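Given next are the chains, with one letter for each unit.
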Amino acid sequence: MADVAVVGPLRDSFGRVHNNLRISVTDRCNLRCTYCMPEEVRFLDKGELLTFEEIIQFVRIAVSLGIDKVRLTGGEPLLRRDLPRLVAMLAAIPGIQDVGLTTNGLLLAQYAQALYDAGLRRINVSLDTLDPEQFRRLTRRDGLDQVVAGIHAACRAGFSPVKINAVSIRGVTEHEVVPLARFARRFGCEMRFIEYMPIGADHWERGKVYFAHEILEQLEREIAPLVPVDDYDPRAPAMEFRYVDGGGRVGIIASVSRPFCHSCNRLRLTAEGKLRNCLFALTEVDVKPLLRGGGPAEQIAALIRRCVWDKWEGHEINTARFIKPLRTMHAIGG
Ligand code: SAM
Ligand code: SF4
């Protein structure tokens, strides 16, 4: 049987090449979205988080193995002090082509320009509703106006397009689809609907997923016909469409109804330095002791290679074999 390669691209045993790293910079959050985390959470102590220097050390090694795209996430990444400094450090690493950020937008008005100036070019803001009451029910907090202000600030800062992520839950968010899509069209943003996944604190069942095809039907019925974009990439997680009337694009991430495991190129680093080869992974590799203890780069590279190599074929959400990870989304890094 073939074994993990010691040279060449970062490949798993199914031949998938990995170039994409998601880095969680904190497990803390200023919202408590019901589909993501429980109301009461014990967050990591500050000393447990990887420092910026440790993150950069890890990324440099990952880049030498073929990683060229990184995305910062959390928890809420803008709660991490000085985040633009980390963005600038990442953007300066030779070989990094792309630095992205996923944020709930609450603090974005304050940071959008500094992030852009630091070299961030891709930004996704999570927003599930434009109704303040529904926002409070879903996030257990207030803050809709701040998120909307954050989206406008990101547009002004130069991010183009700002992508807006909304989780799609049956019986909860159907009524939000059209207002959100209209809002995105109006302000030149790209709406992205994400099928609700079994990774949060709530009890998940398939029946609660408001599926991609239903969202598309609703958008076409109530807004305008959609066609796949010309540069449609069937390997990308998001299926991308454009309105035929010229009203912009919509992305749909159909993790449940159309899993994209066969083309997955992602690896995740948690805020406290655990490496995960899948969002739904049941095991992780602790790289912090090596990063903190001055471990040799070759040893860290070997851990990364082994972790990628060991990736399973897919998450099996749609089978009886699926096992929900113990960690919830905010603690893994969405
Ligand atoms: N706090 C930031 C935010 O909300 O954008 C970044 C972290 S959050 C965990 C990243 C993304 O995961 C968000 O877009 C959020 O909506 C999504 N998410 C969280 N729980 C989810 C679930 N159970 N199913 C689908 N998406 C989920
Ligand atoms: Fe926080 Fe993002 Fe999770 Fe909502 S989805 S609780 S904003 S980490």
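Note that the structure is predicted; figures quoted are calculated from it, not measured.

> With reference to specific residues and values, describe the site of ligand 1.
If you check the shell around ligand 1, you find 19 residues, and the closest are Tyr35, Gly75, Ser126, Val167 and Met197. At a separation of 3.1 Å, a nitrogen atom of ligand 1 approaches a polar backbone atom of Tyr35. Between Met197 and ligand 1, the recorded distance is 2.9 Å, taken from a backbone N or O atom to a nitrogen atom. Alone, ligand 1 offers 540 Å² of accessible surface; in the complex the protein occludes 95% of this. Secondary structure elements with two or more residues in the shell around ligand 1: strand S3 (98–103), strand S5 (163–168) and strand S6 (190–195). Among the residues making up the shell around ligand 1, the classes are represented as eight nonpolar, nine polar and two charged.

> Please provide a residue-by-residue account of the pattern of salt bridges, values included.
With the rule as written, the count across this model stands at 23 salt bridges. Two residues, Glu222 and Arg221, come together in a salt bridge whose shortest N-O distance is 3.9 Å. For Arg327, the salt bridge goes to Glu284, with nearest N and O atoms at 2.8 Å. Taken as a pair, Arg327 in the loop between helix H9 (297–309) and helix H10 (329–332) and Glu284 in the loop between strand S11 (274–276) and strand S12 (285–286) lie far apart in primary sequence, 43 residues in all.

> For the pairing of S6, give the residues involved together with the corresponding values.
Most of S6 sits inside the fold, with six of its six residues counted as buried. Across the two faces of S6 the burial is the same, with Glu190, Arg192 and Ile194 and Met191, Phe193 and Glu195 all buried. Inspection of the sheet shows S5 paired to S6 by six bridges, in the parallel sense. Considered in S6, the bridge of Ser168 is made with Glu195. Handedness of the crossover joining S5 and S6 through helix H6 (residues 174–186): right-handed. Inspection of the sheet shows S6 paired to strand S9 (residues 249–253) by four bridges, in the parallel sense. Of the residues in S9, the one forming a bridge with Phe193 is Ile252.

> Give me the nonpolar core: which residues, what numbers.
Soluble globular proteins: nonpolar side chains tend toward being buried together. By size, the foremost hydrophobic cluster in this structure holds 109 residues, and its most contacted members are Ile23, Phe58, Val59, Leu90, Leu219 and Ile304. No other element matches the eight residues that helix H1 (residues 52–64) contributes to this core. Setting aside chain neighbours within four positions, we find Val59 in contact with Leu21, Ile23, Val70, Leu90, Ile93 and Ile96.

> Talk me through the pairing of strand S10 (residues 266–269); I want residue IDs and the actual numbers.
Neither face of S10 is exposed, since Arg266 and Arg268 on one face and Leu267 and Leu269 on the opposite face are all buried. With four bridges connecting them, strand S1 (residues 20–24) and S10 associate as parallel partners. Bridged to Arg22 within S10 is Arg268. Bridge count between S10 and S11: two bridges; the pairing is antiparallel. Opposite Arg268, over in S11, you have Arg276 as the bridge partner.

> Can you lay out unusual backbone geometry for me, pointing to particular residues and giving the numbers?
Backbone torsion omega between Ser160 and Pro161 reads -5 degrees, so that peptide bond is classified as cis. Along the chain, Pro161 turns up in the loop between helix H5 (144–157) and S5. The phi angle at Arg140 is positive, at roughly 60 degrees, despite the residue not being glycine. Note that Arg140 resides in the loop between helix H4 (132–139) and H5. Residue Glu316 is not a glycine yet carries a positive backbone phi of 60 degrees. Tracing the sequence through the fold places Glu316 in the loop between H9 and H10.

The rules we used
Sequence order as written defines the numbering, with residues in each chain counted from 1. A letter from A marks each chain and a number from 1 marks each ligand, given out in the order of writing. This being a predicted model, a pLDDT of at least 70 is required before a residue's local features are given, and a value of 80 or more before pairs of side-chain atoms are given or counted; all residues contribute to the totals for chains, interfaces and linings. Processing note: side-chain calculations cover all non-hydrogen atoms of the structure and skip hydrogens and water entirely. We call a residue near a molecule or strand as soon as one heavy atom of that residue lies within 4 Å of the molecule or strand. Pairs of N or O atoms are called polar contacts if they sit within 3.5 Å, as long as, within protein, a hydrogen donor faces a hydrogen acceptor (for residues adjacent in sequence, only side-chain-to-side-chain pairs). Surface accessibility follows the Shrake-Rupley procedure with a 1.4 Å probe radius. Residue values consider only the protein chains on display as shielding. Each helix corresponds to a stretch of at least 4 residues labelled H or I by DSSP, and each strand to a stretch of at least 2 residues labelled E; elements are numbered beginning at the N terminus. Classification convention: Asp, Glu, Lys, Arg as charged; Ala, Val, Leu, Ile, Met, Phe, Trp, Tyr, Cys, Pro as nonpolar; all other residues, Gly among them, as polar. Each salt bridge in this description consists of a side-chain nitrogen of Lys or Arg and a carboxyl oxygen of Asp or Glu lying within 4 Å of one another. Buried, partly exposed and exposed residues are distinguished by accessible area as a fraction of the type maximum, computed with a 1.4 Å probe on protein chains only: under 20%, between the cut-offs, and over 50%, respectively. For two strands to be treated as a pair, DSSP must find no fewer than two bridges joining them. Crossover handedness is defined here as right-handed if the route from the first strand over the helix to the second strand goes clockwise, with the strands pointing away from the viewer. In these notes, a set of buried Ala, Val, Leu, Ile, Met, Phe, Trp, Tyr and Cys residues joined through side-chain atoms within 4.5 Å is what counts as a nonpolar core. Residue contacts are counted whenever heavy atoms from the two residues lie within 4.5 Å of one another.

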